[in-house]
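Commentary on secondary and tertiary structure
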Amino acid sequence: MCGIVGYVGPRQAPAIILQGLKRLEYRGYDSAGIAALEENGRFAIRRDAGKLSNLETLLQSSPLEGHAGIGHTRWATHGKPNQRNAHPHLSMNGRVVIVHNGIVENFLELREELEAEGVTFASDTDTEVIVQMVERYIESGLEMETAVRQTLKQLRGANAVVIMGLDRPNELFCARLGNAGGIALGLGDNEMFLASDIPAILEHTRRMIFLENRQMAHLTPTSYRIMDLDGQTIPPDIHTIAWDPVSAAKGEFKHFMQKEIFEQPRSIVDTLRGRVDFENGRVHLPEMNLTPELAQRINKLYITACGTSFYSGLAGKFMIENLARIPTEVTYASEFRYYDPIIDEDTAVLAITQSGETADTLAASEQAKAEGATLWSIVNAFGSQSMRISHGYIPMQAGPEIGVASTKAFTTSLVDQYLLACALSDLRGTISRRKLRQLVDDLAQLPDLAGRVLDHDAEYEELANQFFKVHNFLYLGRGINYPIAREGALKLKEISYIHAEGYPAGEMKHGPIALIDETMPVIAIATKDHLYEKMISQIQQAKARGGTVIAVATEGDAAIANEADHVIYVPEAPPLLAPIINVIPLQLFSYHVAVRRGADVDQPRNLAKSVTVE
Ligand code: M6R
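Residues numbered from 1 in each chain as written. Predicted model: local features only at pLDDT ≥ 70, side-chain atom pairs only at ≥ 80, totals over all residues. Heavy atoms only, no water.

**Points about the overall build of the chain**
Secondary structure summary: the chain contains 19 helices and 26 strands in total. In terms of overall dimensions, the chain is globule-like: its C-alpha atoms have a radius of gyration of 25 Å, near the 25 Å expected for 614 residues. The buried share of the chain, reckoned over its 614 residues, is 61%. In the chain, the share of contacts with a sequence separation of at least 24, taken over all contacts with a separation of at least 6, comes to 71%. Total accessible area on the chain stands at roughly 22,200 Å², and carbon and sulfur atoms take up 48% of it. (Helix = DSSP H or I, 4+ residues; strand = E, 2+ residues; numbered from the N terminus. Rg over C-alpha atoms; globule rule 2.2 N^0.38 Å. Buried < 20%, exposed > 50% of the residue type's maximum accessible area, 1.4 Å probe, protein only. Contact = heavy atoms within 4.5 Å. Areas by Shrake-Rupley, 256 points an atom, 1.4 Å probe, with all protein chains shown as cover.)

**Description of the packing of helix H7 (residues 264-272) against helix H13 (residues 408-428)**
As a packed pair, H7 and H13 sit with axes 9 Å apart at the nearest point and diverge in direction by 30°. Here H7 lies roughly parallel to H13, going by the angle between them. When the axes of H7 and H13 are compared, the crossing they make is right-handed. Contact residues: H7 offers Gln 264, Ser 267, Ile 268, Thr 271 and Leu 272, while H13 offers Lys 408, Thr 411, Thr 412, Val 415, Asp 416 and Leu 419. Of the residues that constitute the contact of H7 with H13, the class distribution is four nonpolar, five polar and two charged. (Axes fitted to C-alpha atoms, helices over the stretch in contact; angles between N-to-C directions. Parallel < 35°, antiparallel > 145°, perpendicular 65-115°, else oblique. Left-handed = near helix turned anticlockwise from the far one by under 90°. Nonpolar A, V, L, I, M, F, W, Y, C, P; charged D, E, K, R; others polar.)

**Describing helix H14 (residues 433-443)**
Residues Leu 436, Leu 439, Val 440, Asp 442 and Leu 443 constitute the buried set of H14. The arc that holds every buried residue of H14, seen down its axis, measures 155°, which confines them to one face. Check the buried side of H14 and you find it contacts H7, strand E15 (276-277), strand E16 (282-283), helix H9 (307-324), H13 and helix H15 (446-454). (Arc of directions from axis to C-beta.)

**What to know about the packing of aromatic side chains**
This structure, assessed with the given rule, holds nine aromatic pairs. For the pair Phe 310 and Tyr 311, a centre-to-centre distance of 5.7 Å together with 65° between the ring planes defines the contact as edge-to-face. Each member of the pair Phe 310 and Tyr 311 is classed as buried. Among the aromatic side chains, those forming a connected cluster through ring pairs are Phe 467, Phe 473, Tyr 475 and Phe 589. Of note, Arg 111 hangs over the ring of Phe 121, and the distance from its end group to the ring centre comes to 4.3 Å. In this structure, Lys 528 packs its charged tip against the face of Tyr 532, placed 4.8 Å from the ring centre. (Phe/Tyr/Trp six-rings, centres within 6.5 Å; stacked < 30°, edge-to-face > 60°. Lys NZ or Arg CZ within 6 Å of the ring centre and 35° of its normal.)

**Quick notes on helix H19 (residues 578-596)**
Compared with the 27 Å implied by 1.5 Å per residue over 19 residues, the 28 Å span of H19 between its first and last C-alpha is a close match. Burial analysis of H19 places 17 of its 19 residues in the buried class, which makes it a mostly covered element. Positive backbone phi, at 75°, marks Gly 598, one or two positions downstream of H19. (Expected span 1.5 Å × (residues − 1).)

**Comments concerning the sheet that holds strand E8 (residues 172-177)**
The sheet built from six strands is open, its strands ordered E5-E6-E7-E8-E12-E13 with antiparallel pairing. The open sheet is flanked by strand E5 (89-90) and strand E13 (223-228), the only strands paired with a single partner. Direction of pairing for E5 relative to strand E6 (residues 96-102): antiparallel, over a ladder of two bridges. Within E6, the residue paired with Leu 90 across the bridge is Val 97. Docked against the sheet, helix H4 (residues 127-139) engages E5, E6 and strand E7 (159-165), running at close to 145° with respect to E6. (Pairing = 2+ DSSP bridges.)

**Concerning unusual backbone geometry**
Note the cis peptide between His 87 and Pro 88, where omega equals -5°. One can find Pro 88 in the loop between strand E4 (68-74) and E5. Positive phi, close to 50°, is recorded for Asn 289, a residue that is not glycine. Take Asn 289: it is sitting in the loop between E16 and helix H8 (292-297). Owing to a relative accessible area of 47%, Asn 289 belongs among the partly exposed residues under this scheme. If you check the backbone angles, Arg 325 has positive phi at about 60° while not being a glycine. Along the chain, Arg 325 turns up in the loop between H9 and strand E18 (328-332).

**What about the sheet that holds E18?**
The strand order across the open sheet formed by five strands is E18-E17-E19-E20-E21, and the pairing between neighbours is parallel. Only two strands of the sheet have a single neighbouring strand rather than two, namely E18 and strand E21 (392-395). On average, each strand axis in the sheet is tilted by 20° relative to the strand beside it, whichever way the strands run. In terms of strand pairing, strand E17 (residues 300-305) meets strand E19 (residues 347-353) through five bridges, oriented parallel.

**Examining the site of the ligand**
Of all residues adjacent to the ligand, which total 13 residues, the nearest are Ser 309, Thr 353, Ser 355, Thr 358 and Glu 494. One of the backbone N or O atoms of Gln 354 is found 2.7 Å from an oxygen atom in the ligand. In this structure, Val 404 approaches the ligand through a main-chain N or O atom, which is 3.1 Å from a nitrogen atom. Relative to its unbound accessible surface of 410 Å², the ligand loses 91% to contact with the protein. Taken together, the elements giving at least two residues each to the shell around the ligand come down to H9 and helix H17 (482-496). (Near = heavy atom within 4 Å. Polar contact = N/O pair within 3.5 Å; in protein donor to acceptor, adjacent residues only side chain to side chain.)

**As for the domain arrangement of the chain**
Here the chain is described as being made up of domain 1 (3-251), domain 2 (261-444) and domain 3 (453-596). The straight-line distance from the C-alpha centre of domain 1 to that of domain 3 is 45 Å. (Domains from an automatic or database assignment.)

**Side note on the environment of Met 508**
Note on placement: Met 508 falls in the loop between strand E23 (499-504) and strand E24 (522-525). Using a relative accessible area of 0% as the deciding quantity, one classes Met 508 as buried. Each C-alpha atom, one on Met 508 and one on Leu 476, is 8.4 Å from the other, the two residues being 32 residues apart in sequence. Contacts of Met 508, omitting those with residues within four sequence positions, involve Leu 474, Leu 476, Ile 513, Ile 516, Gln 538, Gln 541 and Ala 542.

**With respect to the packing of H17 against H19**
Taken N-terminus to C-terminus, the directions of H17 and H19 make an angle of 20°; their axes are 9 Å apart at the nearest point. As the angle between them shows, H17 and H19 are arranged roughly parallel. Of the two possible hands of crossing, H17 and H19 adopt the one that is right-handed. Two secondary-structure elements touch here, H17 through Ile 484, Glu 487, Gly 488, Lys 491, Leu 492, Ile 495 and Ser 496 and H19 through Pro 579, Asn 582, Val 583, Leu 586, Phe 589, Ser 590, Tyr 591, Val 593 and Ala 594. Classifying every residue of the contact of H17 with H19 by side-chain character gives 10 nonpolar, four polar and two charged.

Okay, structure coming up:
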C-alpha cells in the first residue's frame, strides 16, 4: 500500500526521491517523508502528515541534502496518520533509518522485548521495531548486513523494507518478505535506484530487477548484490521495461483518471498488437503457454480477483463459457481461501490484477497453485509477483495506471479475457473456424468504437452537472452488462462518495425496487442485445415508481428516448465486446460528478491503489 523510493549515487538524493514519490502517491497519502545522509555524517529526516505537497512545502523551508536517501508515502495501518508515525523512522541512537511497507505481525512481542532492554520508541508504528532491532544488533557487534538479515528473519508477516545505516554510508539495504508489494531495483550508470513500483524510477532507467519473496539486496552507487536471508548470492534476472516515462505523467489532463480513461483506445490497440492475427483469424497468447492438451483437459475455471478486477472477471465468465464452454466460477480473492474451493489438476485458476501485488489475489493464487491447479493471470504491472508465480499469463498492456480508480486496466483486462476465450475455444474446438474469424474481425473496430464514446465527453459532463448533488444511485444491467452496472456503481462511490448499488436488473423486483423514488436516479444499461426488451420493461418499472432513468442505449435507438429521462448513446458493438464500450460513459460520468463535488479524483479518501494487506 505504501510507496517506497531509494537512491544512491552522485546526484542529490532528496530531489530524485521526491520526484519518485510523486509518482507513487497513489499508493498512500496519509503522510510522507524523506531521510538523507548529510555531509556531517548524520541522518536528517523531513516528514509530515497528509499529502506529499505538505512534505514538499517543508522541504522548501527546510531543505535536505545528501547522495543517499530513502522516501515513503504512507497508507496507515498501525498508528494514526500523523507526523510522529510518518516514515522514515530513525533508531534510538540515530544509527539506522528505515522505510517500510507491510505489517509486522509480531511487532507487539518484539516491541516488548526491546522495551525490556531499555529501547525507547518514538512512534506507534510496527515499523519502528525493525529499525530498533537492527541498531541493537549493530551495537552488540554485528556487521550491518548481518544485523539486517538477523532482524528480517525474526519478522512475521508480509513486509518490504529499505534500510540505511551510518556504518555503511552511501549504501542501501532492501528486502521483500512475502506479498507486501514489490521492490524494483533500477540499475543506472554509477547510481542505483529502488522503488515499490516502476513509474517512480522509470525516467532514470529501464533496467530493473524485481526482488522475489525472502530476497534482499545491497546497493552501492556502482554495484548491486541480490541474496537470500542467509547471505547466499542469487544471480540477478535483469528486465528491460518497455513503458515510456511520458505515459506515467499526467500531461495535459487535469487528473490521471481522466487521462487514463482517454487512453483506452490506445491501450486496446496495444493489447491487440502482436496477439491478433487478423489475416488468418487467430489469436496468439505466447506467455499463456497453452497447448491443445492443456486447453482440452481443463474442465473447470475459477476467476479470482478483487474490486474492479473482480467485475472484469464477472464479464469474462460470459466470454469464456460462451466460447470455450468451460464452466467458470468468479470468486472474490478475499473469500477464495475461506470456502474451500474444489480444485484438482484439471482446474485452472485465472487471477486478474492490475497491480499484480494485491495481497488477497496473491494468496488465492498461491493456494490454488498449491492445490494443483494450473495458475493463469492477467496482470498489468510487469514483473509483478502475480506474473511471476503463474504458469501462464497475459500482460495487460494498459501501461501505467496511476489513478486509484481503475479504468483502462478494466477495459484491457476485458479484451484480454476475450482473447483468452478465443484462444481456448480454438484449441478446444468449441467454435467453428468461421466463428473464430468473425470474433477476431470484430476486434478490429474496438479502438475506434471506444474513441467514438470519448468524443461525447461533454454530454457526460453535462449530465454530471445535473446529478452531482444526488445522494444515491442505482445501476442496472443484465447478462454481460450486469458486471458493468456494478463497475459503474463502484466508480461512482469510490471517487465521489455517493452511495451507489449495481444490480442485475431482473433482481430489482425482489427488493431494491423498494428504494426507488424521485430522489434515486437509475442508470440502466439498455443497449441492443437479446435482453433489450427486458431492460425496457425494467426501465418502465422504475419510471412507474417515480424514478429518474438515465439509459445507456445504442445509437439510432430513438424509441428509448420515450422511456428514459436521459439517454447516453453509444455505438453498437458485438455482444461480447459491448461491455468494453458501455463502461466508458459510466467512467466519465463518475469522473465529472467527482470533479463537480470537489473530490480528490486521483486519491480518494481511505483508498490506496495497491492493497498489499489482507
Ligand atoms: O491491482 P488489482 O487489480 O488487484 O486491484 C484490485 C482492486 O483493489 C482495485 O480494482 C480497486 O477496486 C480499484 N480501486 C477500483 O477502482
